[in-house]
Amino acid sequence: MTEIPEHLLARSRARREAAGLATPSDAGASATPTAGGEVEVVSAAVATPAPAAAPPPPPPPKPDPPYIQAYKNRKRIPFWAMPALMLLPLWAFIYANTLEKPAAATTGPLAEGATIYQNCASCHGGSGEGGVGPTFQNGVLAKDWPNFKDQIRWVSLGSTGFPGDTYGAQNKPKKGGMPAWTGTLTPLQIAEVVRYEREVLSGLPPDPDLVAITEGTKPPLDKDGNPVAAG
């Protein structure tokens with residue numbers, strides 16, 4: 001096979017174009033000789049690059065763990081409920097105050113006992129919390145004076161007149177600080193202050209006999225624990 005020079009190919013193309021047998025688009029055609037010696041122009045296929053392969057799609061996202069799904073699916077607090085939630089502490093404070101222990105009676109034996117107790121507050125505290133003298137709070141008197149009559153004797157006689165070196169059911173040593181109130185307070189007043197100390201300050205249940213004495217249905221007791229004769 002003989003290679004045809006380029007100028008001959010160009011001349012052949014020009015003649016074919018002049019004869020209307022070829023178009024300018026055949027410029028990329030190749031010519032091959034035929035058996036009669038003529039040059040046959042054969043169009044060469046233009047090689048086009050193959051398109052690049054598309055990248056593989058990204059893998060699907062992993063599902064959320066169950067606790068994340070539960071968080072996303074949970075119901076949100078509506079915005080209109082936020083003011084109500086902010087007021088909850090205030091409501092709780094007001095509600096707690098309604099549960100406070102009501103004030104002691106302003107009249108009657110307990111009120112009289114509260115007034116008389118002001119003479120004792122300097123040693124035992126305004127609410128029986130203790131100070132120079134022992135406390136009355138949290139049911140202490142049930143341990144020290146389980147019988148109210150013994151407490152009446154202690155208040156009447158004081159540490160100096162009370163017999164023995166100890167006082168109360170727990171046999172506490174006397175220190176000489178308790179004054180004797182006989183002569184300063186009447187037997188009824190001593191019963192009233194003892195009842196106030198036991199029921200209000202110490203939180204003990206009412207004793208029917210002591211209630212009867214302060215209500216006037218039974219006579220008060222003297223310094224020895226004996227009923228005071230009427231008149």
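Whatever comes next refers back to the structure up there.
To keep things clear, this report deals only with the structure shown in the data block. Predicted model, so just to flag it, every value in this text is computed and none were measured. (Residues numbered from 1 in each chain as written. Predicted model: local features only at pLDDT ≥ 70, side-chain atom pairs only at ≥ 80, totals over all residues. Heavy atoms only, no water.)

## Examining the overall build of the chain
(1) Moving on: For the chain, the helix and strand inventory stands at 10 helices and 4 strands.
(2) Moving on: Ordered by position in the sequence, the α and β elements of the chain form the string α-β-β-α-α-α-α-α-α-α-β-β-α-α.
(3) Moving on: Counting over 231 residues, the chain shows a buried share of 27%.
(4) Moving on: For the chain, the computed accessible surface area is about 16,100 Å², with 61% contributed by carbon and sulfur atoms. (Helix = DSSP H or I, 4+ residues; strand = E, 2+ residues; numbered from the N terminus. Buried < 20%, exposed > 50% of the residue type's maximum accessible area, 1.4 Å probe, protein only. Areas by Shrake-Rupley, 256 points an atom, 1.4 Å probe, with all protein chains shown as cover.)

## Here we look at the nonpolar core
(1) Moving on: Within the largest apolar cluster, 27 residues are counted, with the highest numbers of intra-cluster contacts made by Tyr-117, Ile-152, Ile-190 and Val-194.
(2) Moving on: For this core, the secondary structure elements donating two or more residues are helix 5 (109-117), helix 8 (148-161), helix 9 (187-201) and helix 10 (208-215).
(3) Moving on: In this structure, Ile-152 is in contact with Ile-190, Ala-191, Val-194, Leu-210, Leu-221 and Asp-222, ignoring residues within four places of it in sequence. (Core = buried A, V, L, I, M, F, W, Y, C linked by side-chain atoms within 4.5 Å. Contact = heavy atoms within 4.5 Å.)

## Structural notes on helix 9
(1) Moving on: Compared with the 21 Å implied by 1.5 Å per residue over 15 residues, the 20 Å span of helix 9 between its first and last C-alpha is a close match.
(2) Moving on: Counting buried positions along helix 9 gives 11 out of 15 residues, so the element sits mostly inside the fold.
(3) Moving on: Regarding helix 9, the residues found buried are Ile-190, Ala-191, Glu-192, Val-193, Val-194, Arg-195, Tyr-196, Glu-197, Arg-198, Glu-199 and Leu-201.
(4) Moving on: Looking at the buried positions of helix 9, the neighbouring elements they touch are helix 5, helix 7 (140-144), helix 8 and helix 10. (Expected span 1.5 Å × (residues − 1).)

## With respect to the state of the cysteines
(1) Moving on: In this structure the tally under the stated criterion is 0 disulfides.
(2) Moving on: Free of any disulfide, Cys-120 has its nearest neighbouring cysteine sulfur in Cys-123, separated by 8.3 Å.
(3) Moving on: Judged by relative accessible area, which is 29%, Cys-123 ranks as partly exposed. (Disulfide = S-S within 2.5 Å.)

## Some details on unusual backbone geometry
(1) Moving on: Of note in this structure, Asn-138 is not a glycine but carries a positive phi near 60°.
(2) Moving on: By secondary structure assignment, the location of Asn-138 is in the loop between helix 6 (121-124) and helix 7.
(3) Moving on: Judged by relative accessible area, which is 75%, Asn-138 ranks as exposed.
(4) Moving on: The phi angle at Asn-171 is positive, at roughly 55°, despite the residue not being glycine.
(5) Moving on: Looking at the secondary structure, you find Asn-171 in the loop between strand 3 (166-167) and strand 4 (172-173).

## Overview of the packing of helix 5 against helix 9
(1) Moving on: As a packed pair, helix 5 and helix 9 sit with axes 7 Å apart at the nearest point and diverge in direction by 95°. Taken together, the axis directions place helix 5 and helix 9 in an arrangement best described as roughly perpendicular. Between helix 5 and helix 9, the contacting residues are Pro-109, Leu-110, Glu-112, Gly-113, Ala-114, Ile-116 and Tyr-117 on the first element and Gln-189, Glu-192, Val-193, Arg-195, Tyr-196, Glu-197, Glu-199, Val-200 and Leu-201 on the second.
(2) Moving on: Looking at side-chain class alone, the contact of helix 5 with helix 9 contains 9 nonpolar, 2 polar and 5 charged residues. (Axes fitted to C-alpha atoms, helices over the stretch in contact; angles between N-to-C directions. Parallel < 35°, antiparallel > 145°, perpendicular 65-115°, else oblique. Nonpolar A, V, L, I, M, F, W, Y, C, P; charged D, E, K, R; others polar.)

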